[in-house]
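Here is how the chains run, residue by residue.
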2 protein chains.
Amino acid sequence: MVAELAAGRRPTIIDVAKRAGVSKSLASRALRGDAGVSTSSRDLVLDAAQELGYRPNSAARSLVRGVSGLVGVVLNQLDNQHHTGIVQGVQERAKELNARVIIGNGAQNPEELQRQIDTMIELRVDGLVIVSSWVPRQVLERAGSEVPTVVLTHLADPPAEVDTIASDDVYGAQLAVEHLVQAGHQRIAYLSRSASATSQARIDGVVLALEAAQLPCTIVQVDAGDDINLQELSASGVDAVLCNNDLTAAEVIRLAHEQQVQVPGQLAVIGYDNTALARLLYPSLTSIDQPQVNMGRRAVDAIAERTAGRTEALRELYTPQLVVRSSTAQP
Amino acid sequence: MVAELAAGRRPTIIDVAKRAGVSKSLASRALRGDAGVSTSSRDLVLDAAQELGYRPNSAARSLVRGVSGLVGVVLNQLDNQHHTGIVQGVQERAKELNARVIIGNGAQNPEELQRQIDTMIELRVDGLVIVSSWVPRQVLERAGSEVPTVVLTHLADPPAEVDTIASDDVYGAQLAVEHLVQAGHQRIAYLSRSASATSQARIDGVVLALEAAQLPCTIVQVDAGDDINLQELSASGVDAVLCNNDLTAAEVIRLAHEQQVQVPGQLAVIGYDNTALARLLYPSLTSIDQPQVNMGRRAVDAIAERTAGRTEALRELYTPQLVVRSSTAQP
DNA sequence: TTGTAGGCGTTATCAT
DNA sequence: ATGATAACGCCTACAA
């Protein structure tokens, strides 16, 4: 049993050095595994640290080294599997590069998003990953000018200060629509619960694909609080619907069940993001897959490149893929 | 357009002071809105800061003040709505108390969980919220002795060093089983995909309730990689199943659809956590609700109390509630 | 191999 | 109202 320190006071490297009977610089070297430390004093220091329950103070370390070893991720929805898939990739790659990841949750609130970004920058993260298309351009510009910043969503007009890694939302929507057209659907709707740049890009894709097929186009926007009106949709003859994400598609499928609308028989449904939810639903959900984990990994690399000196903005676009499941009829 | 600083170098309070033509102490006061600063010099400083794009360095601040203003949340699953609901509560209350929240994701990996906890402590968070029952006792003891720590899951034997806020898992499971019994079910199973202390507590509740009802008890444990075998369950006469969470219940409902098992007619299903998923499924899912947001809020209060001097461990237990939906027959 | 000393950016104490 | 100055805990030349 080791004597406890005064409440609130945590042991410092000086305490460790004293207890080990060495100078604080030597303690510092030993603790970090620097070369040029005799085995004996290394053991002395390590033992002392262990006994005292020493923890390096990363504030002090960050201050003197000028880097924090931290990658910050700010996302606007914690319970969105598309976002969390990206975080997984970020964490994987960060670990390989010996960096730590901290996450800030924007809670679907633009103001909170901004607060989180501020917090990260003040924490002096070495890189910032933003998974949201709700961040004002001006905020992105400033963030990007202060720290290597990567935005992982579609941006209508990304500022030069930030890197962007996205998947081709226009093409993804086209893929989905083409799949529906090939299956013989004539009246295809796009149903969105979001008004982001991402959703807008998907609308563009839908329009393109439907024009090419010379088919009518129905765009439905439902605000957060409102209910989806499936009957109205059916009444207007819609026989297939592409949703802005899997969550919205899940809502549609539930409503279809409730209203005895056969999926895909009477109504084909396609989601977006290909999250775990797509496999969980019945009927299982056809969806557009984005390489979330890889995108997250690349984001960390982009930060590393910036740190290494790259100055041009990165504009990376991944190609999404159609994953066919039971919510659409096979052509 | 302001002259840019040398790459990599961020303006400090000294730069601001110089530009404003005042001492750094005065700049510091002005920046923090301290009283005792003349309006004129305050404006001077604030303008200078604005022009330079000054950001306080929280490492330096944290070092000298001894507090970071940070609350750390470590959770072992980012895409678990029960966990994210708690985070929401933490964020709400932290904001009211003027603290910032950073999140660490354990990624379902005990080793990573520990790394995240270490990171938070080294970052000198003022309080630590742990949403996981996978953290070794020893790690909790150490964390709790270094920083006010609150664990938000059921713990078989919580260390004296940490506060715990949980909901009564034994009672919750009892509630669920009693609901099934009242509906006339005779062969009730508990199906779990987790072997945590939380799940064990729910098993205890199931056993208690079934013994009281003098009904047989079936406990099924399915490991992460394995599939749920619904046919086997049906073959053994099970007509109702309580799942360890809503996600597992969703799997059961999908399987039931696939195998033409009527829910709730042939098989009643109850989830746990009452997440958004419960409302999304068809049939909608009866589930056990935990006051996640409130629990998250209370966690921040617990931290504040500790900081204010409380030394006894907090042991708070919330009472869960049954939310009846369509996946169980009305009694 | 080890120790000394200076400084990272900020706050706070003490003068003025 | 304002300004020196000494910490905070750590790292890193530079010396020994």
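Residues numbered from 1 in each chain as written. Chains lettered and ligands numbered in written order. Predicted model: local features only at pLDDT ≥ 70, side-chain atom pairs only at ≥ 80, totals over all residues. Heavy atoms only, no water.

In the nomenclature of an unreviewed UniProt entry, chain A is known as LacI family DNA-binding transcriptional regulator of Glutamicibacter ectropisis.

Engineer: Explain the sheet that holds strand S6 (residues 188-192) of chain B residue by residue, including any values.
Structural biologist: All names here are of chain B. As summarised here, the arrangement of the four strands in space is S7-S6-S8-S9, forming an open sheet in which the pairing is parallel. A single partner strand is all that each edge strand has here, and the edge strands are strand S7 (217-221) and strand S9 (268-270). Strand-to-strand twist in this sheet, taken as the mean axis angle between neighbours without regard to direction, amounts to 20°. Where S6 lies against S7, five bridges are found, and the strand directions are parallel. Looking at the pairing, Leu191 lines up with Val220 of S7. (Pairing = 2+ DSSP bridges. Helix = DSSP H or I, 4+ residues; strand = E, 2+ residues; numbered from the N terminus. Axes fitted to C-alpha atoms, helices over the stretch in contact; angles between N-to-C directions.)

Engineer: Can you explain the packing of helix H2 (residues 24-32) of chain A against helix H3 (residues 39-52) of chain A? Please cite residues and give values.
Structural biologist: All names here are of chain A. In contact at an axis separation of 9 Å, H2 and H3 are set at 85° when each is read in the N-to-C sense. In terms of axis orientation, H2 runs roughly perpendicular to H3. Side by side, H2 and H3 meet where Leu26, Ala27, Ala30 and Leu31 of the first sit next to Ser41, Arg42, Val45, Leu46 and Ala49 of the second. Partitioning the contact of H2 with H3 into residue classes produces seven nonpolar, one polar and one charged. (Parallel < 35°, antiparallel > 145°, perpendicular 65-115°, else oblique. Contact = heavy atoms within 4.5 Å. Nonpolar A, V, L, I, M, F, W, Y, C, P; charged D, E, K, R; others polar.)

Engineer: Could you give an account of the protein's contact with DNA strand D, with specific residues and numbers?
Structural biologist: Lining the immediate surroundings of DNA strand D are 26 residues, of which Ile13, Tyr54 and Arg61 of chain A together with Arg29 and Ser41 of chain B lie closest. For DNA strand D, the fraction of atoms within 4 Å of the protein that belong to sugar or phosphate moieties is 60%. Tyr54 of chain A places a side-chain nitrogen or oxygen 2.5 Å from a phosphate oxygen of DNA strand D. For DNA strand D, a phosphate oxygen lies 3.2 Å from a polar atom in the backbone of Asn57 of chain A. Elements with a minimum of two residues in the surface near DNA strand D: H2 and helix H4 (58-65) of chain A together with helix H2 (24-32) and helix H4 (58-65) of chain B. In terms of residues, the surface near DNA strand D owes the most to one element, H2 of chain A, which gives five residues. Here the surface near DNA strand D is composed, by residue class, of nine nonpolar, nine polar and eight charged. (Near = heavy atom within 4 Å. Polar contact = N/O pair within 3.5 Å; in protein donor to acceptor, adjacent residues only side chain to side chain.)

Engineer: Could you give an account of unusual backbone geometry, with specific residues and numbers?
Structural biologist: Here the amide bond leading from Tyr282 of chain A into Pro283 of chain A is cis, since omega sits at -5°, within 30 degrees of zero. Note on placement: Pro283 of chain A falls in the loop between helix H12 (276-280) and strand S10 (287-289). The phi dihedral of Asp273 of chain A falls on the positive side, at around 110°, and the residue is not glycine. If you trace the backbone, Asp273 of chain A turns up in the loop between strand S9 (268-270) and H12. Of note in the backbone geometry, Ala107 of chain B takes a positive phi value of approximately 50° without being a glycine.

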